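Tertiary structure, described
Residues per chain, in single letters:
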Amino acid sequence: MTDTLERLSTALADRYQIQSELGSGGMATVYLAEDLKHKRKVAVKVLRPELAAVIGAERFLKEIEVTANLQHPNILALYDSGEADTFLYYVMPFVEGESLRERLNRETQLSVDETIRVTQAVAAALDYAHRHDVIHRDIKPENILLHDGQALVADFGIALAVSHAGGTRLTETGLSIGTPHYMSPEQAMGDRELDGRSDVYSLACVVYEMLAGEPPHTGPSAQAIVAKILTETPRPVTDARPSTPEPLAAAIETALEKLPADRFPTADAFATALTSPTVTTSRKRVAQRPSTKQWVTGVIAAVVAIVAFLGGRLTGPEPSDTESRLARFTIPTPEGNVLGNNVYGFIAISRDGERLAYVVETGGDDALFVRHLSSLTAAVVTGTREAGSPVFSPDGLRLVYQITSGVVRKVRLDGGSAEDVAAAGTWDMSWHTDGSILFGSGSGYVGNSAFTRGALVGEDGVTRIPPDGGQPEVMTTIDTVAGETGHSFPQMLPDGKRLLASIERNVYFGGIAVGVIDLETDERTILVSGASRARYVPSGHLVWAQDDGRLRASRLDLDRLQLTGPTVTIADGLSGAAGGAFAQFDVSDAGDVVYVPAQPRELVMVDRTGRAEPVVDQQRRFHSPRVSPNGRQIVMDIADETGRDLWVADVADGTLQKITFTGNVNDPIWTPDGQHVTYGAAGGDKRGIYRVPADGSASPDSIYMTADADRTPGGWFPDGARLVAIAVTQRGWQLETVTDTGERTSEPLPNTRPQHAWPAVSPDGRWLAYQSDETGTAEVYVRPIDGSRRVLVSREGGTSPVWHPSGRELFYRHPKGTADVLVSARVEPGPPFRVTSRTELFSMSDYEPGSPHANYDVHPDGDHFVMVRIRGGTRIVYVQNWTQLFEER
């Protein structure tokens, strides 16, 4: 051990156990240590002795206090600082990962999507710090850490503290503070009064390097680099990376302007511009040759800048201005665990915006975590296994939630065990200001897979349970004559006489609408169609999830019950947005929104052990994949900005070919000969079932057109003359047979009833597998096509049946804990039909379910499955002061 390390270890022995040196830089040497008090790994950064001697302990520690108050998810926190045996040190979390510099050294360039994601996270940290009058002054890849996909900005304000504390005396040390490749022109000129636009320039340099593989200005020496910064315009990033999207290239160009006034005014504005289609390049860039005078000026500035400074703060806006500024940042889950990967709600924010609750998978189970925004960590709420749908009480001190068995519980956050509120209920709940709990009656997923009505609580309408428990009170009545099927996501409006709710009619094809129910007159007023899960906030706004995945808001006039003024989009691409019902978001009364971004989907082939291999090297919104009879192709629908159309993937080479172009298709299946694809067209005047050649060589041909309901194909009979379809009506789902001969008619399948769905025709055409919730739990049954005697296949829950090509095995999803498993049921067709065994194959927690059909298929080899894999999210997006979007509008 070196003398320095021995001295440091001795000096800090009562607080930190120094373990090893991690590296050194221009200002400090970094050591890995254990925090003895908190039993955690930390990074101890010790200033170089010559720098410490110049600055002095008292002044350095006083200046560094400023940075200790920066609390942001994308800022690496400052744990501690002090002086010990002439050492000046500061302590930060030890991040197990790598720096952006290490990543670039290994890969040179990053993808466009990852570049944007990292940049937006860093920009969120910078914007937060700038609003607190702190400028980083040393943004570079070395100070951006990557941990479980999350970007963290390190050494925030350290250069500031060093510069303020040491002043011009730093020139005596010969130290280089700052990195010339990422200096702004004003920084390179030696200006001490910098503002946030200097950090924006530095961040743009980092973005440029992530895309181009090198910074915008390079040279053989620091002086040469600074000279270019002052006098030359960097070549467009598209010269080095032609695939860079125009908005991204334009944003970088603006952020690299020489004059601060010509750049984005804030880091948030820069982050927004990265993907904004309204931002374009302002002019053609022309390389400039520096004059001799300019070059000399640059060299002089370089000497001053490199040797003498990187510090200073510029007084920012008045507090009254910063308090109302829009801000976005991400919050990672504890230890990188994924958010609860099910259709229950798994995120909530307290009404004051101070606490965040979310469900996290831990060791194959789900548990509730709560994080106070002033804290860097989240804490698990004891005794909340299998939790879902958390909702904060009005005072933010309690949570109500539901477990997978349906039992509803509430728990105090300051200690105490959870207590039952209701024996069973729906998963959409809210907490009234009087302490009572409201339950929706709408359709919901029970056991993580089955589409059923609520049980005990909420079956007849919105139900209220008093604060002290007692008999549930039915508050609304479902108008079945008008085709209503449920009232979900209830919220009592301020007058206590009207209820905001989602009024459900036809869940999957636009029948959900956000409306107000008058509790005295039973009158309904529709506010937004094709949307669900709305929340009213005291600022006078309504926030809702649109069925296209957008989180939107508008002003709501409570007297007239009308939306007024513009509608703005708070976020695009929410996780779980299906008719808005499963969108993962929440809103506080204080002007905050939290949401979970949609996770990318992968098309994968999975064997019986659960090992998965991608079919195509793309991440799209894949849905309802079906393998061709010869196993060489997979057809599916893919949703994007143009709508929803059919695509065919070649299994051998992974290519994708689009075969429909109408933007309103769904749920394809192959014809028995493998030459055509059949699909449903939803909405409009051409709704029905259509057929198109698998190679897209001809226009679609209608098999059955209808105006009374949407229909989606379920499965062909072997003769290719008729198929089983699902009709989505106001009464629910109805299984029908559609003929492809003569008049092409449709008629109900004998001996079926509403809520029979997920049909699968056996390979020999004799048997129909389907799902029904007739017992109160979704189960898989098999019955003869034209008969009535049914056989129960699943046990304690099942959905999404798919036949093995042999007809002697049936696969289905079975709810187990907080996730599904894929089950293989061996069968003897008979007659009589019987199940001989059931075997669990692998977890389906990563594979997206479908409704009212299976969202996977069996390969003709019988040993592989094509599925849509969707990873659980590891981050939550937090939006502050979202109402400022209206001011911008």
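Residues numbered from 1 in each chain as written. Predicted model: local features only at pLDDT ≥ 70, side-chain atom pairs only at ≥ 80, totals over all residues. Heavy atoms only, no water.

Let us look at the overall build of the protein chain. Within the protein chain, the secondary structure is distributed over 15 helices and 58 strands. Here the analysis covers contacts within the protein chain between residues at least 6 apart in sequence; of these, 52% occur between residues at least 24 apart. Carbon and sulfur atoms form 47% of the exposed surface of the protein chain, whose accessible area is close to 35,300 Å². (Helix = DSSP H or I, 4+ residues; strand = E, 2+ residues; numbered from the N terminus. Contact = heavy atoms within 4.5 Å. Areas by Shrake-Rupley, 256 points an atom, 1.4 Å probe, with all protein chains shown as cover.)

Moving on to the pattern of salt bridges. Summed over all chains, the structure comprises 39 salt bridges. Note that Arg15 is salt-bridged to Asp14, the shortest N-O span being 3.6 Å. Taking the relative accessible area as the measure of exposure, Arg15 reaches 33% and is therefore partly exposed. Classification of Asp14 as exposed rests on a relative accessible area of 60%. One salt bridge in this structure joins Arg117 and Glu114, with 3.1 Å as the shortest N-O distance. Residue Arg117 and its partner Glu114 are both found in helix α5 (residues 112–131); the two are separated by 3 residues, about one turn of the helix. Residue classification places Arg117 among the partly exposed residues on the basis of a relative accessible area of 29%. Taking the relative accessible area as the measure of exposure, Glu114 reaches 16% and is therefore buried. Beyond isolated ion pairs, a larger network of salt bridges with shared partners links Glu98, Arg103, Arg106, Glu107, Glu114 and Arg117. (Salt bridge = Lys/Arg side-chain N within 4 Å of Asp/Glu carboxyl O. Buried < 20%, exposed > 50% of the residue type's maximum accessible area, 1.4 Å probe, protein only.)

Our focus in this paragraph is the nonpolar core. Counting residues in each nonpolar core, the largest one holds 50 residues, and the members touching the most others are Phe156 and Phe270. Residue assignment for this core shows that the elements contributing at least two residues are α4 (100–107), α5, β7 (144–147), β8 (150–153), α8 (196–212), α9 (222–231), α11 (246–255) and α12 (267–273). Element by element, the count of residues in this core is highest for α8, at 11 residues. Residues contacting Phe270, with those up to four places away along its chain left out, are Thr119, Val200, Leu203, Ala204, Val207, Ala251, Ile252, Ala255 and Phe264. Counting 29 residues, the second largest nonpolar core, distinct from the first, contains Ala124, Leu356, Tyr358 and Val359. (Core = buried A, V, L, I, M, F, W, Y, C linked by side-chain atoms within 4.5 Å.)

We now examine the packing of α8 against α11. Where α8 contacts α11, the two axes come as close as 8 Å, and the packing angle between them is 140 degrees. For the element pair α8 / α11, the angle class is oblique. Classified by chirality, the crossing of α11 by α8 is left-handed. Mapping the contact onto sequence places Val200, Tyr201, Ala204, Val207, Tyr208 and Leu211 in α8 and Leu248, Ile252 and Ala255 in α11. (Axes fitted to C-alpha atoms, helices over the stretch in contact; angles between N-to-C directions. Parallel < 35°, antiparallel > 145°, perpendicular 65-115°, else oblique. Left-handed = near helix turned anticlockwise from the far one by under 90°.)

Let us look at the packing of α4 against α8. Contact geometry of α4 with α8 gives a least axis separation of 10 Å together with a crossing angle of 25 degrees. Between α4 and α8, the interaxial angle falls into the category roughly parallel. In the crossing of α4 with α8, the sense of the turn from one axis to the other is left-handed. Side by side, α4 and α8 meet where Leu100, Arg101 and Leu104 of the first sit next to Val206, Glu209 and Met210 of the second.

Once that is clear, we can look at unusual backbone geometry. For the peptide bond that leads from Pro831 to Pro832, omega is -5 degrees, which places it in the cis range. Here the bond from Ser851 into Pro852 is cis, since omega is 0 degrees, no more than 30 degrees from zero. Among the secondary structure elements, Pro852 is positioned in the loop between β55 (834–843) and β56 (856–858). With phi around 55 degrees, Lys39 is a residue other than glycine that occupies positive phi space. Residue position: Lys39 is located in the loop between β2 (28–35) and β3 (40–47).

What follows concerns the sheet that holds strand β18 (residues 429–431). Strand order across the open sheet formed by 4 strands is β18-β19-β22-β23, with antiparallel pairing between neighbours. Sheet topology places β18 and β23 (473–474) at the edges, where each strand pairs with a single neighbour. The sheet contact formed by strand β19 (residues 437–439) and strand β22 (residues 463–465) spans 3 bridges and is antiparallel. Within β22, the residue paired with Leu438 across the bridge is Arg464. (Pairing = 2+ DSSP bridges.)

As for its placement among the helices and strands, Ser554 is situated in strand β30 (residues 550–557). Polar contacts involving the side chain of Ser554 include one to the main-chain carbonyl oxygen of Thr564, which spans 3.3 Å. (Polar contact = N/O pair within 3.5 Å; in protein donor to acceptor, adjacent residues only side chain to side chain.)

This next bit is on the environment of Arg533. With respect to the helices and strands, the residue Arg533 is situated in strand β28 (residues 531–537). Judged by its relative accessible area of 13%, Arg533 is buried. With 51 residues separating them along the chain, Arg533 and Gln584 place their C-alpha atoms 9.3 Å apart.

Mapped onto the fold, Arg137 is located in the loop between α5 and β7. On the basis of relative accessible area, Arg137 is assigned to the buried category, the value being 1%.

What follows concerns the sheet that holds strand β9 (residues 327–332). Whenever strands of a sheet pair, they do so through backbone hydrogen bonds, lying parallel or antiparallel. A sheet is described by the order of its strands in space; here 4 strands give the open sequence β9-β58-β33-β32, paired in antiparallel fashion. Strands at the two margins of the open sheet, each flanked by one partner only, are β9 and β32 (585–587). This sheet shows a mean twist of 20 degrees between the axes of neighbouring strands, independent of strand direction. Sheet topology places β32 next to strand β33 (residues 592–595); 3 bridges connect them, and they run antiparallel. Bridged to Phe585 within β33 is Tyr595.

In the structure shown here, the tally under the stated rule is 10 aromatic pairs. An aromatic cluster is built from Phe811, Phe842, Tyr847 and Phe865, whose rings are joined through pairwise contacts. In this structure, Arg40 packs its charged tip against the face of Tyr79, placed 3.8 Å from the ring centre. In this arrangement the basic side chain of Arg533 is found over the ring face of Phe585, its NZ or CZ atom lying 5.9 Å from the centre. (Phe/Tyr/Trp six-rings, centres within 6.5 Å; stacked < 30°, edge-to-face > 60°. Lys NZ or Arg CZ within 6 Å of the ring centre and 35° of its normal.)

Within the secondary structure, Gly486 is located in strand β24 (residues 486–492). A C-alpha to C-alpha distance of 8.5 Å links Gly486 and Val462, two positions 24 residues apart in sequence.

Helix length check: α5 (20 residues) gives 28 Å between terminal C-alpha atoms against 28 Å at 1.5 Å per residue, within 8%. Among the 20 residues of α5, 17 are classified as buried, and the element is accordingly described as predominantly covered. Backbone geometry just after α5 places Asp133 at a positive phi near 65 degrees. (Expected span 1.5 Å × (residues − 1).)

With that settled, consider the confidence of the model for the protein chain. Looking at the protein chain, the pLDDT average stands at 80 and 81% of residues meet or exceed 70. Within the protein chain, strand β21 (residues 450–452) has the poorest average pLDDT of any element, 30, and β56 the best, 97. Below pLDDT 50 for its whole length, residues 442–459 participates in 70 contacts with residues either more than four positions away or in separate chains. Contacts of residues 577–581 to residues separated by more than four positions or lying in other chains number 19 contacts, the stretch itself having pLDDT below 50. (pLDDT = per-residue confidence, 0-100.)

Residue placement: Asp592 occurs in strand β33. There is no salt bridge for the buried Asp592, and the closest opposite charge comes from Arg131, which lies 9.4 Å off by N-O distance. A distance of 3.5 Å separates a polar atom in the side chain of Asp592 from a polar atom in the side chain of Tyr878. In this view, Asp592 contacts Ile349, Asp352, Gly353, Asp586, Val587, Tyr878, Val879, Gln880, Asn881 and Trp882; residues no more than four positions away in its chain are not counted. (Lys, Arg positive; Asp, Glu negative; His and termini not counted.)

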